[in-house]
Amino acid sequence: MTATTTAPLTATPVRTMKQPSARLRAWATRGPLLPALVFMIVVTQLPFVATLVISFFDWNALYPKARRFTGLDNYRQVLTDADLRHSVWTTVLLTVAVVLASLVLGLALALLLDRRFRGRGVVRTLLIAPFLVVPVAAALLWKHVLYNPEYGLFNGLLHYVGGPQPDWISHTPLLAVEASLVWQWTPFMMLILLAGLQSRDQQQMEAARVDGASGWQIFRYLTLPHLRRYLELGALLGSIYIVQNFDAVFTITSGGLGTANLPYTVYQSFYQAHENGLASAAGVLVVIGSIVIATFALRVVSSLFREEVSRA
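Looking at an unreviewed UniProt entry, the chain carries the name Sugar ABC transporter permease, with the source organism given as Streptomyces cellostaticus. One UniProt comment on the chain, placed under Sequence similarities (unreviewed entry), says "Belongs to the binding-protein-dependent transport system permease family."

Put into structure tokens, the structure is as follows:
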């Protein structure tokens, strides 16, 4: 009987792949976005830093050798000068009037489009069209096609019924600018509010109807509270854009007749008076105001996302 010997088993080494660290994975994910980030910094942030630096100087382009550091004097002048203070007030008045009117009209149109009727798709497309028009083209349309006292549509209709023939821009300049902006921004508000209406809990709405609630009661106690976040979002986003509006004021009134808002005043100070420091200070104030409004807008958007996730 022979004894058999078995060779000792040796463990073969197993090669383990080294997993990349979390930091490396994060950089690999963000890497493709770096060129866009660098481009955005170069295009937006560096000019803003330069504008911020210039705003601390008394700098007239016609007298470059007389440039000197003045600290906060330009900001003090923006806030105390009568013309500049009036432009700030005009900006506030223009923004509030346009945003409120656009929200009210947008809500009415959103309630209309939330109903089913024949041709709703065509009506929706036509109502969205003003928002797609180039701002300068929209302002020119209102100035020449609608407001012109000789061949404008408004005076043509008034002439047909035997009414007066006013010069709309001369008699109501700020209202003329506001009307063109309301026409352009109402579709934007309508889309936001229509999205809010279509996100309502339909079972809750049907239960209210079964319980005998009227249409006004449903709107007052169910629809309006649900739309609160969407109304806030529309108001904040609209304010961001209208605060910075330049096209309508420049095209319709050229900043005259008390319609010069802060962006137009920045244009006047920079391109006409060549006051680079003063214009930069006013521009920085516009940016700061826009950032403050945008911060509230982002908070509203985040709360809307959280509400949708909680519903899901």
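So, next bit.
1. Quick word on the packing of aromatic side chains
Per the stated rule, a full pass over the model turns up 19 aromatic pairs. Ring geometry for Phe250 and Tyr267: centres 5.7 Å apart, planes at 80°, overall edge-to-face. With Phe250 in helix H13 (residues 247–253) and Tyr267 in helix H14 (residues 262–272), the pair connects residues that are 17 residues apart, well separated along the chain. Judged by relative accessible area, which is 23%, Tyr267 ranks as partly exposed. Taking NZ or CZ as reference, Arg67 lies 4.6 Å from the ring centre of Trp59, over its face.

2. Focus on empty space enclosed by the protein
By the definition in use, this model includes 1 cavity of 30 Å³ or more. Within this model, the largest cavity holds a volume of roughly 50 Å³. In terms of lining, the largest cavity is formed by Pro135, Ala138, Ala139, Trp142, Ser180, Leu181, Gln184, Asn245, Asp247 and Ala248. For the lining of the largest cavity, the elements supplying multiple residues, two or more each, are helix H6 (135–146), helix H9 (173–198) and H13. With 4 residues, H6 is the largest single contributor of residues to the lining of the largest cavity. Of the residues assigned to the lining of the largest cavity, the class counts are 6 nonpolar, 3 polar and 1 charged.

3. What to know about the environment of Tyr160
Within the fold, Tyr160 resides in helix H7 (residues 153–160). Take Tyr160: its relative accessible area is 74%, and that puts it in the exposed class. As a C-alpha pair, Tyr160 and Gln77 span 83 residues in sequence and 50 Å in three-dimensional space.

4. Quick word on helix H12 (residues 228–243)
Over its 16 residues, H12 extends 22 Å from the first C-alpha to the last, a length consistent with the 22 Å expected when each residue adds 1.5 Å. The set of residues buried in H12 consists of Tyr230, Leu233, Gly234, Leu236, Gly238, Ser239, Ile240, Ile242 and Val243.

5. Structural notes on the pattern of salt bridges
Side chains bearing opposite charge may pair, as long as their charged atoms lie close to each other. Counted under the stated rule, the structure contains 6 salt bridges. In this structure, the salt-bridge partner of Arg229 is Glu232, at a minimum N-O distance of 3.7 Å. Pair noted here: Arg229 and Glu232 are both in helix H12, with a separation of 3 residues, about one helical turn. Under the relative-accessibility criterion, Glu232 is labelled partly exposed at 26%. Salt bridges sharing partners connect three or more residues here, namely Arg228, Arg229 and Glu232.

Definitions and cut-offs
- Residues numbered from 1 in each chain as written.
- Predicted model: local features only at pLDDT ≥ 70, side-chain atom pairs only at ≥ 80, totals over all residues.
- Heavy atoms only, no water.
- UniProt positions renumbered as here; feature names shortened; annotations may be inferred.
- Phe/Tyr/Trp six-rings, centres within 6.5 Å; stacked < 30°, edge-to-face > 60°.
- Helix = DSSP H or I, 4+ residues; strand = E, 2+ residues; numbered from the N terminus.
- Buried < 20%, exposed > 50% of the residue type's maximum accessible area, 1.4 Å probe, protein only.
- Lys NZ or Arg CZ within 6 Å of the ring centre and 35° of its normal.
- 1 Å grid on protein atoms, 1.4 Å probe; cavity = no way out; pocket = protein on both sides within 12 Å on 5 of 7 lines; lining within 4 Å.
- Points joined across faces, edges and corners; volume = space filled by probe spheres on them.
- Nonpolar A, V, L, I, M, F, W, Y, C, P; charged D, E, K, R; others polar.
- Expected span 1.5 Å × (residues − 1).
- Salt bridge = Lys/Arg side-chain N within 4 Å of Asp/Glu carboxyl O.

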